[in-house]
Amino acid sequence: MLRRAMFRCGELCSRVFAVELDLRAEPLYFTLSSSPQVLHHDHQRLFGDCGKLFSLHVQSENRIEKAQTHAQIKHKLSSTLSRDCDVFEASSFIPDDENSVVKGFFIRDKSTTTLSEDLLNTLRQSKTVCVFSYKREGQHCWQELWSPVSPVKESVRQYITPATAAEHHPSTLNIRNSDVFYSMDEAYKVLQECTDIIPESKEVLKLVDEQLETSSGDGYPVIVIEGLDATGKTTLTEALRESLNATLLKSPPQCLTSFRQRFDSEPPLIRRAFYALGNYITAAHIGKESLRAPVIVDRYWHSTAAYAIATAVSGRVENLPRLDSELYQWPGDLLQPNLVLLLTVNPEERLRRLRDRGLDKTVEEAELELNQLFRLKVEEAYKRIQNPACIIVDASPSPQEVLQQVQRLIRNKCHL
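Residues numbered from 1 in each chain as written. Predicted model: local features only at pLDDT ≥ 70, side-chain atom pairs only at ≥ 80, totals over all residues. Heavy atoms only, no water.

Caption draft 1: Highlighting the overall build of the protein chain. Assigned secondary structure in the protein chain consists of 14 helices and 13 strands. Burial status across the protein chain gives 52% buried among its 416 residues. Within the protein chain, contacts between residues at least 6 apart in sequence are counted, and of these 76% link residues at least 24 apart. Surface summary for the protein chain: the accessible area is close to 19,700 Å², and the carbon and sulfur share equals 47%. (Helix = DSSP H or I, 4+ residues; strand = E, 2+ residues; numbered from the N terminus. Buried < 20%, exposed > 50% of the residue type's maximum accessible area, 1.4 Å probe, protein only. Contact = heavy atoms within 4.5 Å. Areas by Shrake-Rupley, 256 points an atom, 1.4 Å probe, with all protein chains shown as cover.)

Caption draft 2: How the structure looks around the sheet that holds strand β2 (residues 28–33). Reading around the circumference, β1-β2-β8-β7-β6-β3-β5-β4 is the order of the eight strands in this closed barrel, with antiparallel pairing throughout. With strand direction ignored, the average angle separating the axes of adjacent strands in the sheet is 30 degrees. Bridge analysis of strand β6 (residues 129–137) against strand β7 (residues 140–145) gives six bridges, and the strand direction is antiparallel. Looking across to β7, one finds that Phe-132 is bridged to Leu-145. Seen against the sheet, helix α3 (residues 63–80) touches β3 (52–58), β4 (85–93), β5 (102–109) and β6 and runs at an angle of roughly 15 degrees to β5. Against the sheet, helix α4 (residues 115–123) touches β3, β4, β5 and β6, its axis set at about 25 degrees to β3. (Pairing = 2+ DSSP bridges. Axes fitted to C-alpha atoms, helices over the stretch in contact; angles between N-to-C directions.)

Caption draft 3: Spotlight on the pattern of salt bridges. Here the structure, examined in full by the defined rule, presents 22 salt bridges. Of the charged contacts, one joins Arg-262 and Glu-200 as a salt bridge, the two residues approaching to 3.6 Å between their closest N and O atoms. Of this pair, Arg-262 sits in helix α8 (residues 257–264) while Glu-200 is found in helix α6 (residues 200–210), placing the two residues 62 residues apart along the sequence. Note that Arg-262 is salt-bridged to Glu-266, the shortest N-O span being 2.4 Å. A relative accessible area of 26% places Arg-262 in the partly exposed class. Among the residues examined, Glu-266 registers a relative accessible area of 10% and is labelled buried. (Salt bridge = Lys/Arg side-chain N within 4 Å of Asp/Glu carboxyl O.)

Caption draft 4: How the structure looks around the environment of Leu-21. Mapped onto the secondary structure, Leu-21 falls in the loop between β1 (16–19) and β2. Residue Leu-21 is classed as buried on the basis of its relative accessible area of 16%. For Leu-21 and Leu-46, which are 25 residues apart along the polypeptide, the C-alpha to C-alpha distance reads 7.5 Å. Leaving out residues up to four positions away in the same chain, Leu-21 has contacts with Leu-28, Asp-42, Arg-45, Leu-46, Phe-88 and Arg-108.

Caption draft 5: Geometry of the packing of aromatic side chains. Per the counting criterion, the structure on display carries 14 aromatic pairs. Ring geometry for Phe-47 versus Tyr-134: centroids 5.5 Å apart, planes at 50 degrees, classification tilted. Residue Phe-47 is located in helix α2 (residues 41–47), and its partner Tyr-134 is located in strand β6; the two are separated by 87 residues in the primary sequence. Pair check on accessibility: Phe-47 and Tyr-134 agree, each one buried. On the basis of an interplanar angle of 40 degrees and a centroid distance of 5.2 Å, the ring pair of Phe-106 and Tyr-134 is categorised as tilted. You can see Phe-106 sitting in strand β5 and its partner Tyr-134 sitting in strand β6, a full 28 residues away along the chain. Note on accessibility: Phe-106 and Tyr-134 belong to one class, buried. Through a chain of ring-to-ring contacts, three or more aromatic side chains come together here, namely Phe-17, Phe-30, Phe-47, Phe-106 and Tyr-134. (Phe/Tyr/Trp six-rings, centres within 6.5 Å; stacked < 30°, edge-to-face > 60°.)

Caption draft 6: Representation of the pairing of β6. Pairing analysis gives six bridges linking β3 to β6, with the strands arranged antiparallel. By the bridge assignment, His-57 is partnered in β6 with Cys-130. The turn linking β6 back onto β7 is made up of two residues, and Gly-138 within it adopts a positive phi angle of 65 degrees.

Caption draft 7: Structural detail: the packing of α3 against α4. Interaxial distance between α3 and α4 falls to 11 Å at its minimum, and their mutual angle equals 160 degrees. Between α3 and α4, the angle falls in the class roughly antiparallel. For α3 against α4, the interelement crossing comes out right-handed. On the side of α3, the interface is formed by Ile-73, Lys-76, Leu-77 and Thr-80, while α4 contributes Leu-115, Leu-119 and Leu-123. (Parallel < 35°, antiparallel > 145°, perpendicular 65-115°, else oblique. Left-handed = near helix turned anticlockwise from the far one by under 90°.)

Caption draft 8: Molecular detail of unusual backbone geometry. In this chain, Ser-251 is followed by Pro-252 through a cis amide linkage whose omega measures 5 degrees. Although it is not a glycine, Asn-99 sits at a positive phi angle of roughly 65 degrees. Mapping Asn-99 onto the fold places it in the loop between β4 and β5. Relative accessible area serves as the criterion here: at 47%, Asn-99 is assigned to the partly exposed category. One non-glycine residue, Asn-177, lies in the positive phi region at around 55 degrees. Its location among the elements puts Asn-177 in the loop between β8 (158–162) and α5 (184–192). The exposure class assigned to Asn-177 is buried, which follows from its relative accessible area of 16%.

Caption draft 9: Representation of the side chain of Asn-174 in the model. Mapped onto the elements, Asn-174 comes out in the loop between β8 and α5. Excluding anything up to four places from it in sequence, Asn-174 contacts Asn-99, Ser-100, Val-101 and Asp-179.

Caption draft 10: Representation of the environment of Ala-246 in the model. Tracing the sequence through the fold places Ala-246 in the loop between α7 (233–244) and β10 (247–250). Each C-alpha atom of the pair Ala-246 and Val-222 lies 9.5 Å from the other, and the pair is 24 residues apart in sequence. Excluding residues within four positions of it along the chain, Ala-246 makes contact with Leu-240, Arg-241, Pro-294, Val-295 and Ile-296.

Given below as structure tokens:
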């Protein structure tokens with residue numbers, strides 16, 4: 001009964017399982033079969049005779065509960081298990097079925113302790129967590145619902161069957177209105193569902209309600225400056241404000257500053273909804289200010305989407321949604337800018353600038369410094385967003401040279 005409840009969006013044997021064994025390569029995919037199957041070499045690496053093997057999956061009809069449970073389990077696994085335990089991101093999904101992904105973890109325990117069993121036994125008490133164990137016999141391996149007390153009958157064995165790589169990384173199936181939001185209503189609903197557990201949600205929603213009136217965008221041009229930290233956005237936006245006699249806005253807006261630390265500590269679903277609503281508040285400010293003067297915006301939807309997509313999709317740049325994916329399309333109800341410029345500098349120069357600034361960094365900004373792969377995914381996601389797309393600007397020269405280059409673009413594109 002538990003197994004059926006945990007995977008109610010599809011029969012267990014119709015699902016594909018994915019384990020991120022090596023982030024530099026494709027996930028390891030497998031399905032389940034009622035008859036023994038010989039494992040391939042790559043699957044032998046995961047299921048070979050090297051300790052106790054478990055996987056756990058988090059499923060719930062309540063998406064807030066599911067997101068928070070997954071985040072809590074991730075923290076417990078990293079803080080509780082010994083160094084002899086490998087923990088890999090894992091998921092199960094139905095190919096090409098949007099929102100079918102059930103996220104979880106795969107545990108390979110090579111220790112002689114019972115830490116993993118004790119923790120899993122505690123976690124499995126939750127109605128949202130399902131735990132499987134894996135057993136080996138010769139060249140075969142099977143999965144069964146794990147119980148630390150009662151042995152599982154052989155009749156419920158489901159044998160591991162190697163599967164070919166999915167056409168698209170499974171995480172892309174769950175991005176829409178979970179990691180990236182494409183309407184204000186969808187982001188608004190998430191925070192509405194959080195009001196009982198996150199009191200600040202009510203205050204944020206109140207701010208959104210107060211900003212619902214927006215202009216059609218028929219006023220002065222709106223120019224967005226995008227880019228990773230330390231690419232020169234602040235210097236450039238201030239210079240443009242003066243040279244164009246423009247209004248300078250930032251996203252997320254100042255009115256949300258006091259809430260950022262609270263929502264930054266939440267799982268991606270809640271955190272992304274918060275920042276998505278920040279874009280709609282910014283849009284309201286743009287609509288009003290563009291009636292009086294040109295508007296320069298320091299970051300906007302491109303940043304929100306690029307960071308979210310790069311974080312949601314693990315592993316290689318090739319795992320990102322395909323170039324023509326609708327996930328890169330601008331939300332239909334969000335005010336569009338007239339021009340978006342993406343500032344870029346080489347990684348070494350950007351790191352030098354960050355060190356010179358010596359400022360506190362967000363978790364994602366710190367990740368950019370440590371993880372070249374994540375940086376490449378963010379930059380690539382920026383470049384793939386459409387309607388409007390980014391125009392890339394080399395921000396390596398002096399601030400004055402960059403300003404002159406951008407002013408020429410603005411004159412040509414916006415006739416200012």
